[in-house]
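# Understanding the architecture of this molecule
As a plain string of letters, each chain reads:
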Amino acid sequence: MTRHVFITAGSKGIGRKVTETFIKKGYYVTVNYRQDTTAVDSLKEALSTYSNQLLLIKGDITNRDDIKRMVLEANQVFGSIDILINNAGPYIFERKKLVDYSDEEWDEMVEGNLSSVFHLVKEIVPAMREKKFGRIINYGFQGAESAPGWIYRSAFSAAKVGLVSLTKTIAIEEAENGITANMVCPGDILGEMKEASIQYAKDHPVHQAPVGRSGTGEDIARTIEFLCEENSDMITGSIIEITGGLDVINRYR
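Reading guide: rules and limits
- Residues numbered from 1 in each chain as written.
- Predicted model: local features only at pLDDT ≥ 70, side-chain atom pairs only at ≥ 80, totals over all residues.
- Heavy atoms only, no water.
- Helix = DSSP H or I, 4+ residues; strand = E, 2+ residues; numbered from the N terminus.
- Buried < 20%, exposed > 50% of the residue type's maximum accessible area, 1.4 Å probe, protein only.
- Salt bridge = Lys/Arg side-chain N within 4 Å of Asp/Glu carboxyl O.
- Pairing = 2+ DSSP bridges.
- Axes fitted to C-alpha atoms, helices over the stretch in contact; angles between N-to-C directions.
- Contact = heavy atoms within 4.5 Å.

Moving on, we get to unusual backbone geometry. At K132, a residue that is not glycine, the phi angle is positive and equals roughly 60°. Mapping K132 onto the fold places it in the loop between α4 (103-131) and β5 (134-139). Positioned with a positive phi, A147 is a non-glycine residue whose angle comes to about 50°. Following the sequence through the fold, A147 ends up in the loop between β5 and α5 (154-174). Among the residues examined, A147 registers a relative accessible area of 46% and is labelled partly exposed.

Rendered as structure tokens:
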């Protein structure tokens, strides 16, 4: 049986590496994108030999009607979704304190990083239950499980820390249905490294992380692929740091 993966914002950045990994492993992959048609065209060209496995759907994950439409279309093309990867995560780069956020900015952070997961899970999990198989992957940030304060990133961090608890709750509630839920927490993967290979990082070493190189999109994709395998069902409710050891350093030593 060929599994069907649904990944949000899977046309560029880390999401693109995840898409490429699953496609090349033989999965059907539905990719949601919001508006960057240049990235979509680049992905289609790069994966042209896998076109029969790839579906690209435009939509806004903060819009509930869009979510319903995208899930319906994906199901019609490739059958019900087996793996949900919530890769999308709106982020405000401007540094500002909590009281300086507009209502619209706060709503975008919470809807895009937390509520969208709820709505996607509501649409997708019932079919997973019928199959007695499902994999749900959410994204956090380094240290999310310990609920740290994050100055100037209050809305984003609040949503992601809420998602930590939601991930664990889904894992408990759906375990009896063969469904796992886990979170990956990438370290500081910047710019071109989001779409880079591990070999590229090894060839361009940096020394901030104990392992001596930057993390890459391939590191995240490899971890997610493993978590989604048939026999990875013992791993559920886990918050997995992928930082090259940065998360275990005592910064005050």
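Moving on, we get to the pattern of salt bridges. If you walk through the whole model with that rule in mind, you get 14 salt bridges. Where K12 meets D36, a salt bridge forms, and the shortest distance between an N and an O atom there is 2.9 Å. Here D36 lies in the loop between β2 (28-33) and α2 (37-46) and K12 lies in the loop between β1 (4-8) and α1 (13-24), a separation of 24 residues in the sequence. When its relative accessible area of 42% is taken as the criterion, K12 is described as partly exposed. Judged by relative accessible area, D36 falls into the partly exposed class, the value being 28%.

What follows deals with the sheet that holds β5. Strand-to-strand pairing in sheets goes through backbone hydrogen bonds, with the strands running parallel or antiparallel. The sheet built from seven strands is open, its strands ordered β3-β2-β1-β4-β5-β6-β7 with parallel pairing. The open sheet terminates on both sides in strands that have one partner only, identified here as β3 (54-58) and β7 (239-242). The sheet shows a mean angle of 20° between the axes of neighbouring strands, taken without regard to direction. In terms of strand pairing, β2 meets β3 through five bridges, oriented parallel. Each residue of the ladder has a partner; that of V29, found in β3, is L54. Packing against the sheet, helix α3 (residues 64-78) makes contact with β1, β2 and β3, and its axis sits at approximately 160° to β3.

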